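Okay, here's what each chain looks like letter by letter:
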Amino acid sequence: MGIKHRPRSGRSVILICTIAQINQITYTVQEKFTGTTSSSSGGVCTLTVSASNGTMGSAAETDNYQVIDNTTGATILVAPENISVLGSSVTFTLAAAYASRAFIVIGTVTKTLS
C-alpha cells in the first residue's frame, strides 16, 4: 500500500508500508498480579506469577517489579539476582520469613497487538 504526498516544494514522496507493519503494535504495561509464596525450604520460599499474554519485563531493570506483602502492605525489596524471568512468568526468591503468605506484584509486561 503506498501513500502519495506532495510537499510544498513540488517533489513527490511515496511512503510504503505493509499491512503487517500497521497491524503489529508492541507496547509495555504495568499489571497487577496476586499469588502466595511456597512453604519454606532451605531458608527461602518462592513466589511465581504469570501474565495471561505477553512477556514479563527484565529482572535487570530494578523498577520492573514491585512486590507487596498483602498482609502488612509493606513493599519487599527483591534483588535482581533473586528474580527469574521465563517468558510470561516471573519467580521471586524470598526469605523463609515470607513463606505461605499472600502477595501483590506490580510487574512490567510487554505485549504485541496484531
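The model shown is predicted, which means the values in this text are computed figures rather than measured ones.

Caption draft 1: Up close: the packing of aromatic side chains. Evaluated as defined, the whole model comprises 2 aromatic pairs. Where Tyr65 meets Phe92, the ring centres are 5.5 Å apart and the plane angle is 80°; that geometry is what we call edge-to-face. Highlighted residues: Tyr65 in strand S6 (residues 65–69) and Phe92 in strand S9 (residues 89–95), separated in sequence by 27 residues. Residue classification places Tyr65 among the buried residues on the basis of a relative accessible area of 10%. An angle of 75° between the planes, with centres 6.0 Å apart, marks the rings of Tyr98 and Phe103 as edge-to-face.

Caption draft 2: View of the side chain of Glu31. Residue placement: Glu31 occurs in strand S3 (residues 25–36). Polar contacts involving the side chain of Glu31 include one to the side chain of Lys111, which spans 2.6 Å.

Caption draft 3: Expanded view of unusual backbone geometry. Despite not being glycine, Ser100 shows a phi value in the positive range, around 55°. When you line up the elements, Ser100 lands in the loop between S9 and strand S10 (102–113). Among the residues examined, Ser100 registers a relative accessible area of 51% and is labelled exposed.

Caption draft 4: Up close: the pattern of salt bridges. What the rule picks out here adds up to 2 salt bridges. Arg101 is paired through a salt bridge with Asp69; the nearest N and O atoms lie 2.5 Å apart. Here Arg101, found in the loop between S9 and S10, pairs with Asp69, found in strand S6; they are 32 residues apart in sequence, far enough to count as distant.

Caption draft 5: Expanded view of the confidence of the model for the chain. Residues with a pLDDT of 70 or more make up 80% of the chain, whose mean pLDDT is 85. Confidence over residues 1–10 falls short of pLDDT 50; this stretch has 19 contacts with residues more than four positions distant or in other chains.

Caption draft 6: Just the environment of Gln66, in detail. Along the chain, the position of Gln66 falls in strand S6. Expressed as a C-alpha distance, the spacing of Gln66 and Lys32, which sit 34 residues apart in the sequence, is 9.6 Å. Contact partners of Gln66, with chain neighbours within four places excluded, come to Thr75, Ile104, Val105 and Ile106. Side chain to side chain, Gln66 and Thr75 meet in a polar contact 3.3 Å long.

Caption draft 7: View of the sheet that holds strand S4 (residues 44–50). An order of S4-S9-S8 is seen for the 3 strands of this open sheet, with the pairing classed as antiparallel. In the strand order of this sheet, the two ends are held by S4 and strand S8 (83–86), each with one partner. Recorded for the sheet is a direction-independent mean angle of 20° between the axes of neighbouring strands. Examined bridge by bridge, S8 and S9 share 4 bridges and lie antiparallel to one another. Across the sheet, Leu86 pairs through a bridge with Ser89, a residue of S9.

Conventions and cut-offs
Residues numbered from 1 in each chain as written. Predicted model: local features only at pLDDT ≥ 70, side-chain atom pairs only at ≥ 80, totals over all residues. Heavy atoms only, no water. Phe/Tyr/Trp six-rings, centres within 6.5 Å; stacked < 30°, edge-to-face > 60°. Helix = DSSP H or I, 4+ residues; strand = E, 2+ residues; numbered from the N terminus. Buried < 20%, exposed > 50% of the residue type's maximum accessible area, 1.4 Å probe, protein only. Polar contact = N/O pair within 3.5 Å; in protein donor to acceptor, adjacent residues only side chain to side chain. Salt bridge = Lys/Arg side-chain N within 4 Å of Asp/Glu carboxyl O. pLDDT = per-residue confidence, 0-100. Contact = heavy atoms within 4.5 Å. Pairing = 2+ DSSP bridges. Axes fitted to C-alpha atoms, helices over the stretch in contact; angles between N-to-C directions.

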